[in-house]
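Examination of the molecular architecture
Read off the chains here:
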Amino acid sequence: MRWRSSLTVLFLGVFIGSAITTTVEAEMENGTELEVGIDVLMEEEFEKIEGKNVGLITNPTGRNSEQESTVDVIYEEEDVNLVSLYGPEHGVRGDAQAGEYIEYYEDDVTGLPVYSLYGETEKPTPEMLEDVEVLLFDIQDIGIRFYTYIYTMAYAMEAAGEQNIPFIVLDRPNPLGGEKVEGPVLEEGHESFIGLYPIALRHGMTVGELADYFNEEFGFGEDLSVVEMNNWERSDHANELDRLWIPPSPNIPTEESAFVYPGAALIEGTNISEGRGTTQPFTLLGAPFIDSTELSQELNAIEMEGVYFTPASFTPTFSKFEDELSHGVQLHLIDEERLDSVEMGLHIVKTIHDLYEQFEFQEENEDGQSFFDLLIGNDFVRHAIKDGMAVEEMMASWEAEVEEFKETRAEYLLYEADEDSSTGLFTDYDASDWGYEAVVDLYHQGLIEGDATGAFRPDDLVTRVEASIFLTRALDLPIDETMTVSFADVNESTPHYEEIIAAAEAGIFSGSTTNYFHGERELRREEAAAIFVRSFDFTGGTLSSSFTDIEGRPFAEEIMALCEAGIIEGVNEAEFAPEQTVTRREFALMLSRALEAAH
């Protein structure tokens, strides 16, 4: 299915400025130098552009590890003919005024033609691509669905494909890291230039990974290649790379503003100032009618992980409430790994909505959509806030679609997770807790995850339906829509119906004597033994056991087979506790051991 916007929407700021930090060398903490796509292209894959007419889509974030502009690096290379440049708003060098559309101009440094891919022409025309033999993309993204550079890339890929021009993406780090995925998936009918495709709000992918994803999932059929980075790991955040922070837009001046942006930017869809016109955009939020002390107290009472709020007053020099004293809060980032920015943004919007009758969402357009809807990717959240729904309930509503996105996303990830990165994955579970290593192992394999709030809930009990989900993923069981199951309490409307029938078809689960699946029933230890033996074909169990409580039990042999395989133990030397229920961490440990034994 092709997704295309017919909406004209506000382009979220894309001015590219410069920033000064104390460290210029692009060296990671482990002493291994990070090489971004332009470095690797010139040093290892130069044949891709050697002797060719090259077009380059870039802006001031396009720099190599020596902080040299990609434009200059390629232009000065004798064996390459750089013929044209393409830039988003503000131009390739960042010298066009905000919101200014310049169809064509010549670069002051190189004299090359520069075409704008912002405003009236978002997709390169055939005339713009004349004489181009290969088209490069080198722009720093910010890792968020509603940041437009990824759609500039997508349109350019499409245009290149139509002209049979190879397209090369020079990959760069996702400044938010490549592990966490947050927020809902864009719903059909809410497409715009700040959201063309159904991806999660915080997608956890690099531009190169997204290019592969777009090309394959949405039928571009482009001759695409991605020049991968060297020495980047998914756990790496922008503030850990010791690279210059080049602001990807004027209102993302620091790494801190980037980390809070996924949630704080939702304020843009309301009549509350997001701090534009101040020196601290997206970390200052407010309006003239807000009581700053009241709001900060209400937000801190929610006890959100990784962020703290203090009362603040400010006077924007432009944008909302220009030259008008406003009151609200300042966001203080405490721990970016613990922060769920989207959850934070929802709490902020809902709290201000509930406290102040002057609060408003931006007006709906002729299609019945508010700008808030385009940002969050649906109209459900806006109506849910108005109806008084809890944030946790909203987030739970999109868990299934996010999991589906994660599964598809996993096919396009170019960089492996850092196996040593075992901190900050969950808000309620860390390396000091029993069973954590097994959970991390399964997490990095994409087999298990936390809930929408970032919690793993290690001591929650596993249900039969949850066990079927985990095992279907782990065993990569085929899900065939033609399969049927005769459980009296399972039908096509049952949550996770496909996983249930896949596990049943594989012989892992069976129903009760009355032919009920009892999906919400908590899994007992003896049942766990039975389904693991069936899943992984463990054999060798005997009834010669020191356990005094399994004789005569229906799954005694399976219990012993699993014990002999080292997958499970008794609760003590004499007892197995067959009727005891299984927690999420216990199930994760059994699954991790079983997978290791199977290999």
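See the structure above.
Let us look at the structure shown here. The shown structure was predicted, so the numbers you read here are calculated from the model rather than taken from an experiment.

Conventions we followed
- Residues numbered from 1 in each chain as written.
- Predicted model: local features only at pLDDT ≥ 70, side-chain atom pairs only at ≥ 80, totals over all residues.
- Heavy atoms only, no water.
- Helix = DSSP H or I, 4+ residues; strand = E, 2+ residues; numbered from the N terminus.
- Buried < 20%, exposed > 50% of the residue type's maximum accessible area, 1.4 Å probe, protein only.
- Areas by Shrake-Rupley, 256 points an atom, 1.4 Å probe, with all protein chains shown as cover.
- Salt bridge = Lys/Arg side-chain N within 4 Å of Asp/Glu carboxyl O.
- Core = buried A, V, L, I, M, F, W, Y, C linked by side-chain atoms within 4.5 Å.
- Contact = heavy atoms within 4.5 Å.
- 1 Å grid on protein atoms, 1.4 Å probe; cavity = no way out; pocket = protein on both sides within 12 Å on 5 of 7 lines; lining within 4 Å.
- Points joined across faces, edges and corners; volume = space filled by probe spheres on them.
- Nonpolar A, V, L, I, M, F, W, Y, C, P; charged D, E, K, R; others polar.
- Pairing = 2+ DSSP bridges.
- Axes fitted to C-alpha atoms, helices over the stretch in contact; angles between N-to-C directions.
- Patch = residues over 30% accessible without salt bridge, like charges linked within 9 Å, V, L, I, M, F, W, Y side chains within 5 Å.
- Lys, Arg positive; Asp, Glu negative; His and termini not counted.
- Charge placed at Lys NZ, Arg CZ, Asp CG, Glu CD.
- Parallel < 35°, antiparallel > 145°, perpendicular 65-115°, else oblique.
- Left-handed = near helix turned anticlockwise from the far one by under 90°.

**Here's the deal with the overall build of the protein chain**
Counting its secondary structure elements, the protein chain contains 17 helices and 12 strands. Across the 599 residues in the protein chain, those meeting the buried criterion constitute 56%. Taken as a whole, the protein chain presents about 24,800 Å² of accessible surface, with 43% of it coming from carbon and sulfur.

**A closer look at the pattern of salt bridges**
Summed over the entire model, instances satisfying the criterion amount to 26 salt bridges. Put simply, E274 and R276 hold a salt bridge, and the shortest N to O gap is 3.1 Å. For R276, a relative accessible area of 12% gives the class buried. The salt bridge involving E579 is made with R553; its shortest N-O contact spans 3.0 Å. Of this pair, E579 sits in the loop between α16 (556-564) and α17 (584-598) while R553 sits in the loop between α15 (525-536) and α16, and the two are 26 residues apart along the sequence. Overall, R553 belongs to the partly exposed group, its relative accessible area being 25%.

**Structural notes on the nonpolar core**
With 98 residues, the main nonpolar core has L135, M153, F167, F214, L331 and M344 as its most contacted residues. No other element matches the 10 residues that helix α3 (residues 149-162) contributes to this core. Those residues in contact with M153, other than ones at most four positions away along the chain, are F137, F167, V169, V207, L210, A211 and F214. If you look at the next biggest cluster of nonpolar residues, it comprises 55 residues, including V440, F470, L477 and A588.

**Regarding empty space enclosed by the protein**
Taking a probe equal in size to a water molecule and rolling it over the atoms shows the remaining empty space. Across all of its chains, the model carries five cavities of 30 Å³ or more by this definition. Counted as a void, the largest cavity has a volume near 230 Å³. Along the walls of the largest cavity sit 15 residues, with Q140, R243, L244, W245 and I246 positioned nearest its centre. Its residues assigned to classes, the lining of the largest cavity comprises seven nonpolar, four polar and four charged.

**Describing the sheet that holds strand β11 (residues 307-314)**
Overall, antiparallel pairing links the three strands, which are arranged β10-β12-β11 in an open sheet. With one partner strand each, in any of the chains shown, β10 (284-287) and β11 form the two edges of the open sheet. Across this sheet, the average inter-strand angle for adjacent strands is 25°, counted without regard to direction. For β10 and strand β12 (residues 326-333), the ladder comprises four bridges, and the chain directions are antiparallel. Bridged to L284 within β12 is Q330.

**Comments concerning a negative patch on the surface**
Together, E33, E43, E44, E66, E68 and E76 make up a region of like negative charge exposed at the surface. Accessibility expressed as a relative area gives 53% for E43, which makes it exposed.

**Quick look at the packing of helix α5 (residues 255-264) against helix α7 (residues 341-355)**
The packing of two helices is summarised by the inter-axis angle and the distance between the axes. Running from N to C, α5 and α7 point in directions that differ by 50°, and their axes come no closer than 6 Å. By the angle between their directions, the pair α5 and α7 is classed as oblique. The way α5 lies across α7 gives a crossing that is right-handed. Facing α5, whose interface residues are F259, V260, Y261, P262, G263 and A264, α7 presents S341, V342, M344 and G345.

Coordinates in, geometry out; function isn't part of it.
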